[in-house]
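Coordinates in review
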Amino acid sequence: QARAPTRAEAAALYRPEDRALVEAAWARMQATAAVQEYVFRPTRAAGELRLFRSRGRAQRYAAGRTVRLLGITMDVTEVHAAVERLRSAQERLQLVGETGGIGSWEEDLITGEMRWDPVVFSLFGLSGPQAPTRAAMLERVHPDDRQHLEQAHQRRQQATHAVVAEFRVQRT
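Its 13 residues give helix α2 (residues 19-31) an end-to-end C-alpha distance of 18 Å, which sits within 8% of 18 Å, the value for a rise of 1.5 Å per residue. Among all positions in α2, only Val-22, Ala-25, Trp-26 and Met-29 are buried. The buried residues of α2 all sit within an arc of 100° when viewed along its axis, so they share a single face. In α2, the exposed positions angled more than 90 degrees off the buried face are occupied by Ala-20 and Ala-31. For α2, the elements touching its buried residues are α1 (7-11), β1 (36-40), β2 (52-60) and β3 (66-75).

Now the structure itself:
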């Protein structure tokens, strides 16, 4: 069984610019009963950059004296990369929506809760960020189109495919 590194040996495994962050987390673990979480980059083979997340806490005697630090470390490199790709894709989608006047919305058919992105608020002539409601939306729909839109809503509740509805909006 391999020997665990000493604290000094472990600190040498972290990139120099992350060592102070890790040391501060270890100090907080010893000083408090709270779980500490931190992200750091280990030193790895030439050029390989990984991202690790650690969570740890102190184990204490009943008298409060810290006897050991316990924790977990996991490689979150791929998760972090996926989150970054998602953030980038959302930025591109937002740009497309803003430049093309295309908004996205969703409605929970059980609760009736609606969510609109900023472009949909703009399309309806609203400033946001108030929670959209069906009633507020219908007030903005041209009176001649309201029944058609309500019929589309009814079809959407039963449909297993996309339901398309065109309608006019009156901005005030």
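The next thing to look at is the packing of aromatic side chains. Per the counting criterion, the structure on display carries seven aromatic pairs. Ring pairs connect the aromatic residues Tyr-14, Trp-26, Tyr-38, Phe-40 and Phe-52, which therefore count as one cluster.

We now examine the sheet that holds β2. Ordered by their spatial adjacency, three strands build an open sheet running β1-β2-β3, and the pairing between neighbours is antiparallel. The open sheet terminates on both sides in strands that have one partner only, identified here as β1 and β3. Averaged over all neighbouring strand pairs, the angle between strand axes comes to 25°, with direction disregarded. The pairing of β2 with β3 spans nine bridges and is classified as antiparallel. Residue pairing for β3: Ala-58 is matched across the bridge by Leu-69. Sitting on the sheet, α2 is in contact with β1, β2 and β3, with an inclination near 170° to β1.

What follows deals with the pairing of β2. Here β1 pairs with β2 via five bridges, running antiparallel. Residue Tyr-38 lies in a different strand from β2, and its bridge partner there is Ser-54.

With 98% of its residues at a pLDDT of 70 or more, the protein chain has an overall mean of 88. Within the protein chain, β1 carries the highest mean pLDDT (94), whereas α1 carries the lowest (84).

In this structure, Asp-145 sits in helix α6 (residues 143-158). Residue class for Asp-145 comes out buried when judged on its relative accessible area of 11%. Apart from the residues within four sequence positions on either side, Asp-145 is in contact with Phe-167 and Arg-168.

Our focus in this paragraph is the nonpolar core. Formed by Met-114, Trp-116, Val-120, Phe-121, Phe-124, Leu-126, Met-137, Leu-138, Val-141 and Leu-149, the largest nonpolar core amounts to 10 residues. For this core, the secondary-structure elements that each account for two or more residues are β5 (114-116), α4 (118-123) and α5 (134-140). The next biggest cluster of nonpolar side chains, apart from the first, holds nine residues, and it includes Ala-10, Tyr-14, Val-22 and Tyr-38.

Definitions and limits used
Residues numbered from 1 in each chain as written. Predicted model: local features only at pLDDT ≥ 70, side-chain atom pairs only at ≥ 80, totals over all residues. Heavy atoms only, no water. Helix = DSSP H or I, 4+ residues; strand = E, 2+ residues; numbered from the N terminus. Expected span 1.5 Å × (residues − 1). Buried < 20%, exposed > 50% of the residue type's maximum accessible area, 1.4 Å probe, protein only. Arc of directions from axis to C-beta. Contact = heavy atoms within 4.5 Å. Phe/Tyr/Trp six-rings, centres within 6.5 Å; stacked < 30°, edge-to-face > 60°. Pairing = 2+ DSSP bridges. Axes fitted to C-alpha atoms, helices over the stretch in contact; angles between N-to-C directions. pLDDT = per-residue confidence, 0-100. Core = buried A, V, L, I, M, F, W, Y, C linked by side-chain atoms within 4.5 Å.

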